[in-house]
Amino acid sequence: MSANRPTGQQQTGTYDSAFLKACRREPVPHTPVWFMRQAGRSLPEYRKVREGIAMLDSCMMPELITEITLQPVRRHGVDAAIYFSDIVVPLKAIGIDLDIKPGVGPVVEKPIRTRADLEQLRPLEPGDVPYVAEAVRMLVGELGATPLIGFAGAPFTLASYLIEGGPSRNHEHTKAMMYGDPQLWADLLDRLAVITSAFLKVQIEAGASAVQLFDSWAGALAPADYRRSVLPASAKVFESVAGYGVPRIHFGVGTGELLGLMGEAGADVVGVDWRVPLDEAARRVGPGKALQGNLDPAVLFAPREAVEAKAGEVLDAAAGLEGHVFNLGHGVPPNTDPAALTRLVEYVHERSAR
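Basis of the calculations
- Residues numbered from 1 in each chain as written.
- Predicted model: local features only at pLDDT ≥ 70, side-chain atom pairs only at ≥ 80, totals over all residues.
- Heavy atoms only, no water.
- Phe/Tyr/Trp six-rings, centres within 6.5 Å; stacked < 30°, edge-to-face > 60°.
- Helix = DSSP H or I, 4+ residues; strand = E, 2+ residues; numbered from the N terminus.
- Buried < 20%, exposed > 50% of the residue type's maximum accessible area, 1.4 Å probe, protein only.
- Lys NZ or Arg CZ within 6 Å of the ring centre and 35° of its normal.
- Contact = heavy atoms within 4.5 Å.
- 1 Å grid on protein atoms, 1.4 Å probe; cavity = no way out; pocket = protein on both sides within 12 Å on 5 of 7 lines; lining within 4 Å.
- Points joined across faces, edges and corners; volume = space filled by probe spheres on them.

The relation between two aromatic rings is expressed through the spacing of the ring centres and the mutual angle of the planes. Under the criterion given, the structure shown has five aromatic pairs. Seen from their ring centres, Tyr46 and Phe84 are 5.8 Å apart, and the 65° between their planes marks the pair as edge-to-face. One end of the pair, Tyr46, is in helix H2 (residues 44–50); the other, Phe84, is in the loop between strand E1 (81–82) and helix H5 (89–93), and 38 residues separate them in sequence. A relative accessible area of 5% means that Tyr46 is categorised as buried. Measuring from centroid to centroid gives 6.1 Å for Phe214 and Phe251, while their planes differ by 75°, and the two rings are edge-to-face. In this pair, Phe214 sits in strand E5 (residues 210–215) while Phe251 sits in strand E6 (residues 248–252), placing the two residues 37 residues apart along the sequence. Of the two residues, Phe214 and Phe251, both sit in the buried class. One aromatic cluster is present, built from ring pairs that chain together Phe151, Phe214 and Phe251. For Arg24, the ring lying beneath its charged end belongs to Tyr15, and the centroid distance is 3.8 Å. Between Arg275 and the ring centre of Trp274, over which it is positioned, the NZ or CZ distance is 4.2 Å.

For helix H11 (residues 231–240), the complete set of buried residues consists of Leu231, Ala233, Ser234, Val237 and Phe238. Tucked into the core, H11 has its buried residues touching helix H7 (155–164), helix H9 (182–206), E5, helix H10 (223–229), E6 and helix H12 (259–264).

The next thing to look at is empty space enclosed by the protein. Scanning the entire structure with this criterion turns up two cavities of 30 Å³ or more. Along the walls of the second largest cavity sit Ala302, Arg304, Val307, Glu308, Ala340, Arg343 and Leu344, which together make up its complete lining. Sorting the residues of the lining of the second largest cavity by element identifies helix H14 (304–317) and helix H15 (338–352) as the ones contributing at least two each.

Given below as structure tokens:
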């Protein structure tokens, strides 16, 4: 990605932030920090404002989205906000019959298993998600110099939910379609790539400074299957937003064997979970990419000294990287003590100050 200042929308006060500089692999005053699921159940203020409001409803209320997105920025002093949403929001917006069930996750009423089922998936229009653009504009106004990261689920992970009908441990129906009807599979992922691209564009055009594509379930795949059956759709998403000049982040869980391929898909920043040290991850990804990660979220439950020791190991492993954004290797667990996150942000900033 060019280090030249992009034109248009992104010439804002966020351009010289530590987070965007790290994404562009430029020198930073300190290693920037944000956390996946930083806006969520770990915060008492989140639980309070969400009380009695269903998850999908909360993702369609601009004032509430804005408040929830801002909460961890206020409390922890993180270097970036991430737009509060859920990966199934664009699917709901085009009419897919689904709901997010507490303790379960997204549940799809009519799973996609046949070619006729594909007709459920029409392209997403900006008018389908007016609350997204409104919330992003509100957030950009409130955040000032703090960047906002846009958010979407990757085609493979969305396909897995749609085919299985909900969360799955082994992805039997998903892989059965991928291996048994590769053309139907390719057509499904292509439609999802178009929907995801449109969802990200709405956020970028409203003012998001970066975007992250969550491929939460990609770690279930062997590298050859990922390259053949998944990478083309993810690459289509990243290519669709390349012209905006905003950093593009790619994240999955259990993707140690896929890190190089995930970089190939077109991301500027590759997210790394805790299973692979960052220096080894950099070798697998290759030059020209920043890395994001990769403290084990479970470490947050250890005493402060242990948390800081493990965070120090992450920073040491990242010392030679072209660009590094400190994060967890997955989302903040709901029962995390918020004070542990606040202390961690302070520690990373102080320990990495240049």
